[in-house]
Amino acid sequence: MAGWGDWTLALTVCAAGLLVVQADILTYATVGQLFVHELQREHFQNEFEPFLYGRVFNDPMVFKCNRQLFPDLPRWLRFTQRHPYDNGFLYGTPLQGDLGKNTVQIFVTNKRSYDTFKERLVINVGPAVKQMPYQAEFFIGLREIEKVLPSEVQNEIKKDIQMIWGTDKLDYVNITSALDRGGRVPLPLAGHYEGVYVKLGSDQPYSKCLRRLQTEDHQRECKAGGKIAGDCSVCTIPANCVTWCKSVLIDLSRPVPPPPAPTVGSGILAWGGEFNPPDSPPDRDFLPEYIVTVIIPFILAIILCLILAYVMCCRREGVQKRDAKTLDIQLYHYHTIHDNSSELRTMADGRSGAPQPRSTLPMFNARTGEKAAPQYPFDSVHIPLIMAQQEPNVDTFPRK
């Protein structure tokens, strides 16, 4: 019985391990053709929050992709995601030197719970299966790269170009944003778009309308900025309309002649004569620059300091002038207030040893022997404090 229990536990652990292990996403790409892989948020939503009791979440997610053991993506692969509520796209066109397996790590961050999830995408790049010697690149100005990469939009654009080309044998070669070609970032307003370059290829030759793109008349009309006579573009959706002047043909059916081989010389440099170093520059008088940059600002600073010193020191009224303009009786009251204030501060410092001022002695009635009432509405102790807060005013009494 113990043996059956051990076997049961082992099988349970193995089954749980198989359920937990996540299989890699396998996909294929072809040299010379566009590869697009969409990272759907709905697919990763199950990894963060299980579907319990019928609850379905729509969390914002951020994707980060890089090649395994490398900080960035392969050279032929690009990634874009405009908003956390949008799906991400891995797209690009592999070349002949990119054959083989490319392992891409995908890190998903849930912006609601800040949980992360990692998944691997294995892209097997195979050799080219179609020869597309006739290629054409079209510019769509009312689109953005995220809006063109979905397969539905690609099929709509391909149908319009099939009508222009006159054949159904078209395949996407590349899709590039205008920002990657040096385009300007559009304003964040409605009706402003980045623009997208769409390149398609076929083994069928160009139509008569497309061949007009290579004529000099077409280039002259585009430079003039007027109406294009040979514009035969067709667009069932206004956003997919092609800008005819920014469309070019890439004819690979004609082999490009190799560049001429470099001419091999004798390996001996020609005699160029003796080296004559340049003469020393002429002497330059820096006195005018020194006067303008040092002497004049220094003199101006001294003048400003003298003016400030005169205003601060010589234009003051002074205590003696103020006392000379003040009446003697007003000065007497002013000094009396200060003396009484000093006396009160001395009493506050040590009440036990300081004598009681005469102004605060109690008054007695000579007939009855009782304490008389004060003659003023305020106590004699508070009068100096109130008067100490008032400054002598020269305009209180008339001047002599």
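Caption draft 1: Representation of the overall build of the chain in the model. Check the secondary structure of the chain and you find ten helices and eleven strands. Within the chain, residue pairs in contact and separated by at least 24 positions form 69% of the contacts whose partners lie at least 6 positions apart. On the chain, roughly 29000 Å² of surface is accessible, and the fraction owed to carbon and sulfur atoms is 59%.

Caption draft 2: Representation of helix α7 (residues 287-314) in the model. Relative to the 40 Å expected for 28 residues at 1.5 Å per residue, α7 spans 38 Å between its end C-alpha atoms, a close match to the ideal helical length. Approximately 30° is the largest bend angle found in α7, and it occurs at I295, with the proline P297 only one to four residues beyond.

Caption draft 3: Quick peek at the state of the cysteines. Evaluation of the coordinates by the stated rule reveals two disulfides. Each sulfur of the disulfide joining C235 and C241 lies 2.1 Å from the other. Classification of the bridge connecting C235 and C241 rests on its S-S torsion, roughly 60°, and on that basis the disulfide is right-handed. With a relative accessible area of 29%, C241 lands in the partly exposed category. Here C314 is not disulfide-linked; the sulfur of C313 is the nearest cysteine sulfur, at 6.2 Å.

Caption draft 4: The arrangement of the pairing of strand β2 (residues 35-39) in detail. Covered by surrounding structure in β2 are F35, H37 and L39 only, the residues V36 and E38 on the alternate face being uncovered. Sheet topology note: the β2/strand β5 (residues 88-92) ladder contains five bridges and is antiparallel. By the bridge assignment for β5, E38 is matched with F89.

Caption draft 5: Spatial organisation of the packing of aromatic side chains. Under the definition given, this model contains six aromatic pairs. Judged by centre distance (5.5 Å) and plane angle (65°), the rings of F44 and F63 are edge-to-face. In this pair, F44 is assigned in helix α2 (residues 41-48) and F63 in strand β3 (residues 61-67), connecting sequence segments 19 residues apart. Each member of the pair, F44 together with F63, is buried. Summarising the aromatic geometry, the rings of W165 and Y206 are spaced 5.4 Å apart at their centres and angled 35° between planes, so their arrangement reads as tilted.

Caption draft 6: Highlighting the sheet that holds strand β1 (residues 25-30). Pairing in this open sheet of four strands is mixed, and the strands run β1-β7-β6-β3 from one edge to the other. Here the strands that pair on one side only, and so sit at the sheet edges, are β1 and β3. Direction aside, the axes of adjacent strands within the sheet are offset by 30° on average. Alignment of β1 against strand β7 (residues 116-126), held across six bridges, turns out to be parallel. Bridging across to β7, T30 finds its partner in G126.

Caption draft 7: Quick peek at the nonpolar core. In terms of nonpolar packing, the biggest core is built from 29 residues, with W165, I175 and L210 touching the most fellow members. The leading source of residues in this core is helix α4 (residues 151-165), at five residues. In contact with L210, other than residues within four places in its own chain, are F138, I164, W165, W244 and L249. Residues F48, F63, L90 and V125 belong to the second largest nonpolar core, which totals 20 residues.

Caption draft 8: Layout of the sheet that holds strand β4 (residues 77-80). Spatially, β2-β5-β4 is the arrangement adopted by the three strands of the open sheet, whose pairing is antiparallel. Each edge of the open sheet carries a strand with a single partner, namely β2 and β4. Taken over all neighbouring pairs, the strand axes of this sheet differ in orientation by 15° on average, direction set aside. Direction of pairing for β4 relative to β5: antiparallel, over a ladder of four bridges.

Caption draft 9: Structural view of the pattern of salt bridges. Scanning the entire structure with this criterion turns up 13 salt bridges. Close ionic contact of D24 with R120 constitutes a salt bridge, the shortest N to O distance being 2.5 Å. Of the two residues, D24 is situated in the loop between α1 (2-20) and β1 and R120 in strand β7; the sequence distance between them amounts to 96 residues. The class for R120 is partly exposed, based on a relative accessible area of 30%. Beyond isolated ion pairs, a larger network of salt bridges with shared partners links R82, E144, E146 and E194.

Caption draft 10: Focus on the environment of F44. Note on F44: relative accessible area 2%, which makes it buried. F44 has contacts with L39, M61, F63, V108, F117 and E119, leaving out every residue within four places of it along the chain.

Caption draft 11: Layout of the side chain of S341. Along the polypeptide, S341 turns up in helix α9 (residues 328-349). Separated by 2.9 Å, the side chain of S341 and the backbone oxygen of I337 make a polar contact.

Caption draft 12: View of the confidence of the model for the chain. Per-residue pLDDT for the chain has a mean of 80; in total, 78% of the residues score no lower than 70. When the criterion is pLDDT under 50, residues 15-21 qualifies, and its contacts beyond four places in sequence or with other chains add up to zero contacts. When the criterion is pLDDT under 50, residues 373-400 qualifies, and its contacts beyond four places in sequence or with other chains add up to 29 contacts.

Caption draft 13: Looking closely at unusual backbone geometry. Although it is not a glycine, L69 sits at a positive phi angle of roughly 70°. Within the secondary structure layout, L69 lies in the loop between β3 and β4. Its relative accessible area of 79% is what places L69 among the exposed residues. The backbone of Y114 shows a phi angle near 60°, a positive value even though the residue is not glycine. With respect to the element layout, Y114 can be found in the loop between β6 (100-110) and β7. Judged by its relative accessible area of 58%, Y114 falls in the exposed class.

What counts and what doesn't
- Within any chain, residue numbers begin from 1 and follow the written order of that chain's sequence.
- The predicted nature of this model means local features are confined to residues of pLDDT at least 70 and side-chain atom pairs, given and counted, to a pLDDT of 80 or more, with totals for whole chains, interfaces and linings taken over all residues.
- Note: side-chain values were computed over all heavy atoms of the structure, leaving out hydrogens and water.
- Note on conventions: DSSP H or I runs of at least 4 residues are helices, E runs of at least 2 residues are strands, and numbering of each starts at the N terminus.
- What makes two residues a contact is simply this: any of their non-hydrogen atoms within 4.5 Å.
- Shrake-Rupley sampling with a 1.4 Å probe provides the accessible areas, and residues are treated as covered by the protein chains on show and by no other component.
- To estimate how far a helix should extend, the number of its residues minus one is multiplied by 1.5 Å.
- Bend angle per residue: angle between axes fitted to the 7 residues ending at that residue and the 7 residues starting there.
- In what follows, a disulfide is any cysteine sulfur pair within 2.5 Å.
- Burial status follows relative accessibility: with a 1.4 Å probe on protein chains alone, a residue under 20% of its type maximum counts as buried, one over 50% as exposed, and anything between as partly exposed.
- We call two strands paired when DSSP finds no fewer than two bridges between them.
- Aromatic pairs are defined between Phe, Tyr and Trp rings, using the six-membered ring for Trp, whenever the two ring centres lie within 6.5 Å; interplanar angles under 30 degrees are classed as stacked, those over 60 as edge-to-face, and all others as tilted.
- Only C-alpha atoms enter the line fits that serve as axes; for helices the fit covers just the stretch in contact. Angles between N-to-C directions range over 0 to 180 degrees.
- Within this scheme, the nonpolar core is defined by two criteria: the residues are buried Ala, Val, Leu, Ile, Met, Phe, Trp, Tyr or Cys, and they are joined through side-chain atoms within 4.5 Å.
- Criterion for a salt bridge: a side-chain nitrogen of Lys or Arg within 4 Å of a carboxyl oxygen of Asp or Glu.
- Two N or O atoms count as a polar contact when they lie within 3.5 Å, although within protein this holds only if one can serve as hydrogen donor and the other as acceptor, and sequence-adjacent residues are included solely when both atoms are side-chain atoms.
- Confidence scores per residue from the predictor, reported as pLDDT, run from 0 to 100.

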